[in-house]
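Structure at a glance
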Amino acid sequence: MQHRRQPKNEEIPYPKGALNLIVSKTDTKGRITYCNELFIYMSRFEEHELLGQPHNIIRHPDMPRIIFKLLWDTIQSGQEINAYVKNMAKDGAYYWVLANVTPSFDKNDKIIGYFSVRREPSKEALSVIEPLYRKLLELEKSGGMEASKAYLEKLLQEKELSYEEFILSL
């Protein structure tokens, strides 16, 4: 379903008012097992269209693959991660989130799924993230994910920051 949708240059505004947190849970394969009302509203899908689907149903083609590899490698190792993500709604519109993704564990410390809480990112942070992601995506198109990984690692090394520290510094 998602590969048939075409992105469009329309940003979905976050609703004003109450604390706006987009929440979802997935199983260990990334299939959605829970989504809150704001997730449904922002994604412009119906709940029944989301439940059981891979979370990447909302993946925007502007997202570099290296960011998702970093995210999955981190949470599958049992650690939490923060990441900026551009999502694509059912109609092709987009919205940015600052996602905090954590593994969920059973009583034996086995990962049984993932829990994600997302909020609206600051415009200042996006002024850094958008050009960085464009560069990473360009490198992936010309040199594969290894090229974008090398660029990101060099950038973080120059800043003497981990990805997590870099994200939280914005």
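In what follows, the structure referred to is the one given above.
This structure is a prediction, so every number in the text was calculated from the model and none was measured.

So, how was this worked out
- Residues numbered from 1 in each chain as written.
- Predicted model: local features only at pLDDT ≥ 70, side-chain atom pairs only at ≥ 80, totals over all residues.
- Heavy atoms only, no water.
- Pairing = 2+ DSSP bridges.
- Helix = DSSP H or I, 4+ residues; strand = E, 2+ residues; numbered from the N terminus.
- Axes fitted to C-alpha atoms, helices over the stretch in contact; angles between N-to-C directions.
- Contact = heavy atoms within 4.5 Å.
- Expected span 1.5 Å × (residues − 1).
- Bend = angle between axes of the 7 residues up to and from the residue.
- Core = buried A, V, L, I, M, F, W, Y, C linked by side-chain atoms within 4.5 Å.
- Buried < 20%, exposed > 50% of the residue type's maximum accessible area, 1.4 Å probe, protein only.
- Polar contact = N/O pair within 3.5 Å; in protein donor to acceptor, adjacent residues only side chain to side chain.

Quick look at the sheet that holds strand β2 (residues 32-35)
Strand order in the open sheet made by the 5 strands is β2-β1-β5-β4-β3, with antiparallel pairing throughout. Only two strands of the sheet have a single neighbouring strand rather than two, namely β2 and β3 (81-88). Each adjacent strand pair in this sheet contributes to an overall mean axis angle of 30 degrees, direction not counted. As judged from the 3 bridges shared by strand β1 (residues 22-26) and β2, these two strands associate in the antiparallel manner. By the bridge assignment, K25 is partnered in β2 with Y34. Docked against the sheet, helix α3 (residues 65-76) engages β3, β4 (94-105) and β5 (111-119), running at close to 135 degrees with respect to β3.

Here we look at helix α4 (residues 123-159)
For α4, with 37 residues, the first-to-last C-alpha span of 21 Å runs short of the 54 Å given by 1.5 Å per residue. At G143, α4 is deflected by roughly 140 degrees, the largest bend along its length. Within two residues after α4, E160 carries a phi angle of roughly 55 degrees, on the positive side.

Re the nonpolar core
In this structure, I22, I67, Y84, Y95, Y133, L152 and Y163 are the most contacted members of the largest nonpolar core, which totals 45 residues. Elements represented by at least two residues in this core include exactly β2, α1 (37-43), α3, β3, β4, β5, α4 and α5 (163-169). Broken down by element, the residue count for this core peaks at 9 residues, all from α4. Aside from chain neighbours lying at most four places away, what touches Y95 is I12, Y14, I22, M42, S43, I58, V85, K86, N87 and A89.

Looking at the side chain of S24
Here S24 shows up in strand β1. Within the local environment of S24, its side chain forms a polar contact with the side chain of H55, the two groups lying 2.9 Å apart. Only 2.9 Å separates the side chain of S24 from the side chain of R118, close enough to count as a polar contact. Other than its neighbours up to four places away in sequence, S24 contacts Y34, C35, F39, H55, Y114, F115, S116 and R118.

Description of α3
With 12 residues, α3 should cover 16 Å at 1.5 Å per step; its first-to-last C-alpha distance of 16 Å lies within 8% of that length. Taken residue by residue, α3 has I66, I67, F68, L71, T74 and I75 as its buried positions. Tucked into the core, α3 has its buried residues touching β3, β4, β5, α4 and α5. G78 sits one or two residues past α3 and shows a positive phi near 95 degrees.

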